[in-house]
Amino acid sequence: MFLLDRLSQKEKKILETWEEKLRHLSNSNYSISKLIKEMEEKLRSQEVIFFKDIENLFDRSKVIIPIPRMELSRININESISPCYAWMAMMKKFKPAPLTLDPSTAHPRLIVSADRTAVKLSSVQQKLPNNPERFDVCPAVLSCEAFHSGRHCWNVQVEGDRPWAVGVVRESMRRKGGNCLTQSKGCLAVWWWGLNDYLAGDSSLQLTEKLQRITMYLDYERGQLSFYNPDTVSHVYTFKHLFTEKVFPFFYTCSSDPPLQIVSSVMI
């Protein structure tokens, strides 16, 4: 997996650096032992010869003893290794959610894949029942699964150049009409409108890289929904909200290709 490979590469670099320094120490130890032996031999000889050579011996010891400072500037442990381990530790507390999309909630212009893990926008509006659960203005769809307790995580591929949004909505949120997908009406989501225009609710996000995948961590009891970029192991945003009813994972897309895709497991 991506994160494990990254950790392995970092650890390998650190290990190789330490091994290099240990080899240097071993060589230095051998040289110092040789120098001490030479000093002892000279000490057993005439004192005049010993004191005559003592300055030369000290100069040689200065070359042997100093150990080069360990350079780890290319391996930023605080920024690379620690967040990786911290994130992996956090992941152990969350249960991967095997989500599937609910076609009965999908806007008529949305096409849900046969395995119900992907959705895309069609140019043609389908003739579908106008049931209460279905979005009729916003191109959105919900998952079949809802959460009312526990810790859950899921991963979505959000490639493409058309607007998208992912997050959760409360069960009672109305599905009809426009402007229903707001935080005040029960929608907690990260939105992308193009270029570097990312929003979380009403908050603008300053992201340095375009998101290709996004992972969500829902802690129902603590009232937190966190978003992470799994490709850079970086935090995107966290909503803090008191959940009082079921919430459904939510997907919004204006893209016909590629589709918005639920990844079968949380890949790192």
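Please read all numbers here as calculations on a predicted model, not as lab measurements. (Residues numbered from 1 in each chain as written. Predicted model: local features only at pLDDT ≥ 70, side-chain atom pairs only at ≥ 80, totals over all residues. Heavy atoms only, no water.)

> Is there a simple way to think about the overall build of the protein in this case?
Helix and strand content of the protein: three helices and 14 strands. Across the 268 residues that make up the protein, the buried fraction comes to 42%. Of all intrachain contacts in the protein linking residues separated by at least 6 positions in sequence, the fraction that spans at least 24 positions is 69%. Total accessible area computed for the protein in this model is approximately 15,500 Å², and 54% of it derives from carbon and sulfur atoms. (Helix = DSSP H or I, 4+ residues; strand = E, 2+ residues; numbered from the N terminus. Buried < 20%, exposed > 50% of the residue type's maximum accessible area, 1.4 Å probe, protein only. Contact = heavy atoms within 4.5 Å. Areas by Shrake-Rupley, 256 points an atom, 1.4 Å probe, with all protein chains shown as cover.)

> So what exactly am I meant to see when it comes to the packing of aromatic side chains here?
Within a pair of aromatic rings, the relevant descriptors are the distance that separates the centres and the angle that separates the planes. Applying the stated criterion across every chain yields a total of twelve aromatic pairs. Where Trp 164 meets Tyr 198, the ring centres are 6.3 Å apart and the plane angle is 65 degrees; that geometry is what we call edge-to-face. Residue Trp 164 is found in strand 6 (residues 164–170), and its partner Tyr 198 is found in strand 8 (residues 198–200); the two are separated by 34 residues along the sequence. Residues Trp 164 and Tyr 198 agree in their burial class; the two are buried. An aromatic cluster is built from Trp 191, Trp 193, Phe 250 and Tyr 252, whose rings are joined through pairwise contacts. Over the aromatic face of Phe 94 sits the side chain of Arg 151, whose NZ or CZ is 6.0 Å from the ring centroid. (Phe/Tyr/Trp six-rings, centres within 6.5 Å; stacked < 30°, edge-to-face > 60°. Lys NZ or Arg CZ within 6 Å of the ring centre and 35° of its normal.)

> What's the story with the confidence of the model for the protein in this structure? I'm lost.
Caution applies to low-pLDDT regions: their predicted coordinates should not be interpreted in detail. Here the protein averages 80 in pLDDT, while 64% of its residues score no lower than 70. Note that pLDDT drops below 50 for residues 46–52; the model gives that stretch three contacts with residues more than four away or on any other chain. (pLDDT = per-residue confidence, 0-100.)

> Can you help me understand the sheet that holds strand 8 in this one?
Adjacent strands of a sheet form backbone hydrogen bonds with each other and so pair up, either parallel or antiparallel. Reading across from one edge, 4-13-6-7-8-9 is the order of the six strands in this open sheet, with antiparallel pairing throughout. Each end of this open sheet is capped by a strand with a single partner; those strands are strand 4 (140–142) and strand 9 (203–205). Each strand axis lies, on average, 20 degrees off the axis of its neighbour in the sheet, ignoring direction. Relative to strand 13 (residues 247–253), strand 6 is paired through seven bridges, and the arrangement is antiparallel. The residue of strand 13 that forms the bridge with Val 168 is Pro 249. (Pairing = 2+ DSSP bridges. Axes fitted to C-alpha atoms, helices over the stretch in contact; angles between N-to-C directions.)

> Whenever I open this one, the pattern of salt bridges confuses me. Can you help?
A side chain with one charge may pair with a side chain of the opposite charge, provided their charged atoms come close. The final tally for this structure, using the stated rule, is two salt bridges. Between Arg 151 and Asp 219 there is a salt bridge, with the nearest N and O atoms lying 3.0 Å from each other. Of this pair, Arg 151 sits in strand 5 (residues 151–157) while Asp 219 sits in strand 10 (residues 213–219); the two residues are 68 residues apart in sequence, bridging distant segments of the chain. A residue is classified by how much of its surface remains accessible, and Arg 151, at 33% relative accessible area, is partly exposed. We note a salt bridge from Arg 213 to Asp 231, for which the minimum N-O separation is 2.7 Å. Within this pair, whereas Arg 213 is found in strand 10, its partner Asp 231 is found in the loop between strand 11 (224–229) and strand 12 (234–240), the two being separated by 18 residues in sequence. (Salt bridge = Lys/Arg side-chain N within 4 Å of Asp/Glu carboxyl O.)

> Whenever I open this one, the pairing of strand 3 (residues 118–121) confuses me. Can you help?
Consecutive residues of a regular strand have side chains that alternate between opposite faces of the sheet. Inspection of the sheet shows strand 2 (residues 110–112) paired to strand 3 by three bridges, in the antiparallel sense. Within strand 3, the residue paired with Ile 111 across the bridge is Lys 120. In sequence, strand 2 turns back onto strand 3 through a hairpin of five residues, with Arg 116 there showing a positive phi of about 60 degrees.

> Please explain the nonpolar core as it appears in this structure.
Across soluble globular proteins, nonpolar side chains show a tendency to be buried alongside one another. Judged by nonpolar contacts, the single largest core of 53 residues is most densely connected at Trp 154, Leu 181 and Phe 250. At six residues, the largest contribution of residues to this core is made by strand 7 (residues 187–192). Phe 250 has contacts with Ala 140, Val 141, Leu 142, Ala 165, Val 166, Gly 167, Val 168, Val 169, Leu 181, Cys 187, Ala 189 and Trp 191, leaving out every residue within four places of it along the chain. (Core = buried A, V, L, I, M, F, W, Y, C linked by side-chain atoms within 4.5 Å.)

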